[in-house]
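Below are the chains, spelled out letter by letter.
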Amino acid sequence: MLIQGEQLMPIIRKMPMRARMAVARPLIVKDAADERNVSRTFECFEHALDGVDGFVTISGGKTTTARAMAERVTDIVCNKLGIEAECCTREVPLASYRLFYQGGQQ
């Protein structure tokens, strides 16, 4: 990515690296006949319907929907455990992931 980015903006090599991220994510195919219909949304699967109670899968999504994905799967798990709690990640800012790598806590 840096090599390609450098072709567009040569100064990129002189800039300090702030963060790196690589993600592999399964996409949800709505219509296998047309690859353009691969969904960018996410879905939660509750495996109790498959005979595996207590197992929930979340699939799809993207980095920009990560908070909403976490909220949805947490709602499902809380419901299964009989926990009534409002999700507060919309109002409470989370600590930066950088603190994890620096050993800091917030």
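Keep in mind the model is a prediction, meaning the values are calculated, not measured.

Visitor: Break down the overall build of the protein chain for me, with residues and values.
Guide: Within the protein chain, the secondary structure is distributed over three helices and four strands. The order of α-helices and β-strands along the protein chain, N terminus first, is α-β-β-β-β-α-α. Long-range contacts, defined as pairs at least 24 residues apart, comprise 28% of the intrachain contacts of the protein chain with a sequence gap of at least 6. As presented, the protein chain carries roughly 9,300 Å² of accessible surface, and 57% of it is formed by carbon and sulfur atoms.

Visitor: Outline the layout of surface pockets, listing residues and values.
Guide: By volume, the largest pocket amounts to about 180 Å³. Contributing to the lining of the largest pocket are Arg-18, Ala-19, Arg-20, Met-21, Tyr-97, Arg-98, Tyr-101 and Gln-102. Classifying every residue of the lining of the largest pocket by side-chain character gives four nonpolar, one polar and three charged.

Visitor: Describe helix α2 (residues 66-81), listing the residues and the values that go with them.
Guide: End to end, α2 covers 22 Å across 16 residues, agreeing with the expected 22 Å (1.5 Å per residue, within 8%). Against β3 (42-46) and β4 (56-60) lie the buried residues of α2. Gly-82 lies just past α2 and shows a positive phi near 75 degrees.

Visitor: Explain the environment of Ile-76 residue by residue, including any values.
Guide: Looking at the element boundaries, Ile-76 is found in helix α2. Residues Ile-76 and Phe-45, spaced 31 residues apart in sequence, show a C-alpha to C-alpha distance of 9.4 Å. Those residues in contact with Ile-76, other than ones at most four positions away along the chain, are Cys-44, Glu-46 and Val-56.

Cut-off values and rules
Every residue gets a number counted from 1 within its own chain, in the order that chain's sequence is written. Residue-level local features of this predicted model are given only where pLDDT is at least 70; pairs of side-chain atoms are given and counted only at 80 or more, and the full residue set underlies all totals for whole chains, interfaces and linings. Here the side-chain values reflect all heavy atoms present in the structure, with hydrogen atoms and water set aside. Numbering of helices and strands starts at the N terminus; helices are DSSP runs of H or I of at least 4 residues and strands are runs of E of at least 2. We call two residues contacting when some pair of their heavy atoms lies within 4.5 Å. Here, Shrake-Rupley sampling with a 1.4 Å probe gives the accessible areas, and only protein chains in the shown set may cover a residue. Here a cavity denotes a set of grid points, spaced 1 Å apart and computed over the protein atoms alone, in which a 1.4 Å probe fits but from which it cannot get out, and a pocket denotes an open set meeting protein on both sides within 12 Å along at least five of seven lines; residues with an atom within 4 Å of a point are reported as lining. Grid points are joined across faces, edges and corners, and a volume is the space filled by probe spheres set on the points. Under the grouping applied here, Gly and all other residues not named as nonpolar or charged are polar, the nonpolar ones being Ala, Val, Leu, Ile, Met, Phe, Trp, Tyr, Cys and Pro and the charged ones Asp, Glu, Lys and Arg. Here the expected length of a helix is defined as 1.5 Å per residue gap, with one fewer gap than residues.

Remember, this is a structural readout, not a statement about activity or role.
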